[in-house]
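# Remarks on the overall topology
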Amino acid sequence: MELTHSSKRAISLSKPRPKVKLDKIPIFAAALAALLPGCRPAPRVERPPGMLVIALESGPTRLDPRYATDATSARISALIFNSLARPDENLRLQPELAQTWQALDDRTYIVRVKQGAAFHDGRPLTAADVKYTYDSVLKPDSRSPKRGALRFLEAVDWLGPYELRFRLSGPFAPFLESLTLGIVPEGARSDDASGEQRLIGSGPFSLAEYLPGEKVVLKSNPAYWEGPSRLAGVTFKVIPDAVVRALEFKKGTIDLIQNDLEPDMVPWLRSHTDAAIEIREGDIFQYVGINLEHPILKRREVREALAYAIDRGAIIRHLLKGLAIPATGLLAPGHWAYEGSVPQRAYRPDEAKRLLDRAGFADPDGEGPLPRFKLSYKTTNIDLRKRIAEALKEQLSRVGIDLEVRTYEWGTFYGDVKQGNFQLYSLEWVGVVDPDIYYNLFHSSSIPPNGNNRGRYRNTEIDKLLEQARRNSALDERKRLYGKIQQLLATDLPYIPMWWKKNVVVRKPEVRGFALYPDGDFGSLKQVFLADRPTP
Amino acid sequence: MNGKVFLFAGVAILLVLLATAGLAPWIAPYDPTQQNLENDLATPSRGHPLGTDKLGRDMLSRVVYGSRISVLVGTSTVTIAVLIGLLVGSLSGYFGGWVDHLLMRLVDILMAFPGILLAIAFTAVLGPGLDHVVLALSLLGWTGYARLVRGEIMALRERDFVHAAQALGGSPARVIALHMLPNLLPPLVIQATFGMAAAIIAEGSLSFLGLGAQPPTPSWGSMLNEGRQFILVAPHLTAFPGLAIMVAILGLNLVGDGLRDRLEKKGQR
């Protein structure tokens, strides 16, 4: 899952107005006219008692679980829909709709579905709904982006009202992760986004209102099979501007903000509001992606030099206000397959210069203004990203590399990245459950459009290890193989690991029961309740 | 009397603005792009009289260098726009007829578009950058000058000295350049002053939207945008560039108003 960003911003400018005749100077008149819509007040959110209001930087794009791929969409979709299994706070898969799962052999699994679960319209959820959901993703004309990830799945057979057989085309250890697909009722259409307003799931909340780009209102499901939520519902309000989010929280119109905060606002919120603030280490992995077909970047010394030249500590301390930990690789220390003993590259600009010299890229004028070479770096136009890019530019210039920063709105940027149209870019991976993601990112057969190996990394040893690890279902053996893979990747650097973001939640003190998931999931909302406000 | 004081104040502000822009490397205490992450969001102090921004860059140096962008964009935009406006306006006013019709309809079409939106579309297509901002603003800003020049020329065309010049065999170019131009300079100068103010604001708006000056180039508009995120924790990031824009525009408007009072009065005599 990748993080998305909305590039939409509320603009409100107030600049001194010159005393001019408007009819004579059309540009200025138009400038005023253009700025007026930005001054429109934010839409008011009605607040019935027991309603929890959460602010988001950008809204979801699709809530249908078969289509929800970006982080925000997936998080909200998971409140409306249940899946057979779901990762817990430690990202270990726990049964949800599934009663049990059992491997008959290395390519056949029997899944029993719990009885008693029902959709929001009262219809019981049975094996037929599960089969329908998987079939509608797998059918040849399906446009679900999740189809690729389920390629290994040959068929889902209905064995009885609460029993299914999953048949795989070959041994596939990460199979269980495919049980996290949200289950839709049999017959639910999937082809158009207009049906998004009437989605019916079986989760703790039902969809009451969905205004794309503005808000999503969820109502508590009173008949929820695990017991109803103590909230009346949850409103996700999209507020693109970080300052406005903080001000609305201060005003009391927002109850909770998770992660969508400027790092510098956290101390301000602490001192200017009664917010309860919690910070917990997370596993959202930020990295710099590299085009390995670029004549300069395909040299390993150069990639190593880049890693040595980046002062991640300074960026984390100052730009991120300590809300991150330098990363050694994609998997965070809390993950079962995490391998800590890998080559690491702390900030050593001299070593970077030495490596670049050795690679044959001598600095033409020593400490002078001429660079050794020029690279372009793509990022989104989110302010924090731009600031990080500027800091990187400065740090790389110290070792003689001229970094040209290009910022784009999310859609353009993501399109370029997916097509491999970049030299360097920065992005993050959110919610890595199974380490098989490495196959998708670094196997030579995963080069787009077949996967997400966007840098076009090719390493036969990695390929072999990845294939082995995906076939092997013994956890110890998989851990050993993925450990090896992590060491090789940390040596070869197809990605430059930057940091794992810490998760932050800012909530009103009366909001109780919220737990921070390492991937920023909202899974704990079904336990959240509003305590009585203590009288001062 | 009062008018003179304001005009003088305006001229003084403009001189300071021009001097700051011209002498930026000598006035600014630091390199405006020199980062120092360890000293981010510092409040104004002896070492950094206007504080530092999020990347630890000296705000005074950035505001000083920002004046260069404003002066550069303001003057070049207005120069290009005035030249186009002069050409179109004098052709239209001097020859009248279908030439006038054609050119004025073109002006009408251009004026029908909301200028800044067109400029946004323009820079979005060409790509962000100051050169594109100047191009967009001047290609859209000349219409006002063309109308003004046309009106003046049409009025002058009927004056005796023009008829005399024409009777003596002066070519249209010669008549326009030597006999008419000096007479339409005053209103043109006044409008150009206001036009420069408008161009500086438009550049600020486009840079604020990320379409103008690209980082790390300090422009007042982009500084406002960068500081916006910190308006609650470090208001000096937006206060100083905002103040700079205000003072510069105030200066230009005072000069424009003062000139109008003086030149137009003279014209009435």
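In this text the structure is predicted, and so the values were computed from the model without any measurement.

### A short note on the overall build of chain A
Along its length, chain A carries 13 helices and 19 strands. Burial statistics for chain A: of 536 residues in total, 58% are counted as buried. At a minimum sequence separation of 6, the contacts of chain A that also span at least 24 residues come to 69%.

### A word on the sheet that holds strand 5 (residues 108–113) of chain A
Residues and elements named next belong to chain A. Spatial strand order, 4-5-7-6: 4 strands in an open sheet with antiparallel pairing. Of all the strands in the sheet, just strand 4 (98–105) and strand 6 (153–160) have a single pairing partner and so form its edges. Here the average twist between neighbouring strands, direction ignored, is 20 degrees. The sheet contact formed by strand 6 and strand 7 (residues 163–168) spans 6 bridges and is antiparallel. Residue pairing for strand 7: W158 is matched across the bridge by L164.

### Here's the deal with the pattern of salt bridges
The final tally for this structure, using the stated rule, is 51 salt bridges over all chains. Here E248 of chain A and K237 of chain A are joined by a salt bridge, their closest N and O atoms 2.7 Å apart. With E248 of chain A in helix 4 (residues 242–251) and K237 of chain A in strand 10 (residues 233–238), the pair connects residues that are 11 residues apart, well separated along the chain. The pair E248 of chain A / K237 of chain A is uniform in exposure class, with both members buried. Close ionic contact of K321 of chain A with D40 of chain B constitutes a salt bridge, the shortest N to O distance being 3.7 Å. Here K321 of chain A is found in the loop between helix 7 (312–319) and strand 13 (324–326), whereas its partner D40 of chain B is found in the loop between helix 2 (24–27) and helix 3 (59–95) on a different chain. Exposure remark for K321 of chain A: the relative accessible area of 34% places this residue in the partly exposed category. A relative accessible area of 15% places D40 of chain B in the buried class.

### Quick notes on the domain arrangement of chain A
All names here are of chain A. Per the domain assignment, the segments of chain A are domain 1 (22–27 + 284–501), domain 2 (29–38 + 47–60 + 198–280 + 502–530) and domain 3 (80–180). One C-alpha centre belongs to domain 1, the other to domain 3, and the line joining them spans 34 Å. Taken residue by residue, the interface counts 12 residues in domain 1 and 10 residues in domain 3. Summed over both partners, the interface of domain 1 with domain 3 buries about 950 Å², with 62% contributed by carbon and sulfur atoms. Applying the counting criterion to the domain 1 and domain 3 interface returns 0 salt bridges. Applying the counting rule to domain 1 against domain 3 returns 2 residue pairs in polar contact (both at pLDDT 80 or more). Ranked by the residues each element gives to the side of domain 1 that touches domain 3, the list is headed by helix 12 (residues 460–471), at 3 residues. Looking at the side of domain 1 that touches domain 3, its residues break down into 4 nonpolar, 3 polar and 5 charged.

### Focus: the packing of helix 12 of chain A against helix 13 (residues 475–492) of chain A
Packed helices, taken two at a time, are described by the angle between their axes plus the distance between the axes. All names here are of chain A. Where helix 12 contacts helix 13, the two axes come as close as 9 Å, and the packing angle between them is 155 degrees. What the angle tells us is that helix 12 and helix 13 run roughly antiparallel. Of the two elements, helix 12 crosses helix 13, and the hand of that crossing is left-handed. Note on element contacts: helix 13 touches helix 12 through R478, L481, Y482, K484, I485, L488 and L489, opposite E461, I462, L465, L466, Q468, A469 and R470.

### Observations regarding unusual backbone geometry
Negative phi is the rule for most residues except glycine; trans is the rule for most peptide bonds. Residues other than glycine seldom take positive phi values, yet K321 of chain A does so here, at roughly 50 degrees. For L41 of chain B, which is not a glycine, the phi torsion comes out positive at approximately 55 degrees. Here L41 of chain B lies in the loop between helix 2 and helix 3. By relative accessible area, L41 of chain B is classed as buried at 16%.

Basis of the calculations
Residues numbered from 1 in each chain as written. Chains lettered and ligands numbered in written order. Predicted model: local features only at pLDDT ≥ 70, side-chain atom pairs only at ≥ 80, totals over all residues. Heavy atoms only, no water. Helix = DSSP H or I, 4+ residues; strand = E, 2+ residues; numbered from the N terminus. Buried < 20%, exposed > 50% of the residue type's maximum accessible area, 1.4 Å probe, protein only. Contact = heavy atoms within 4.5 Å. Pairing = 2+ DSSP bridges. Axes fitted to C-alpha atoms, helices over the stretch in contact; angles between N-to-C directions. Salt bridge = Lys/Arg side-chain N within 4 Å of Asp/Glu carboxyl O. Domains from an automatic or database assignment. Buried area = accessible area lost by both parts, 1.4 Å probe. Polar contact = N/O pair within 3.5 Å; in protein donor to acceptor, adjacent residues only side chain to side chain. Nonpolar A, V, L, I, M, F, W, Y, C, P; charged D, E, K, R; others polar. Parallel < 35°, antiparallel > 145°, perpendicular 65-115°, else oblique. Left-handed = near helix turned anticlockwise from the far one by under 90°.

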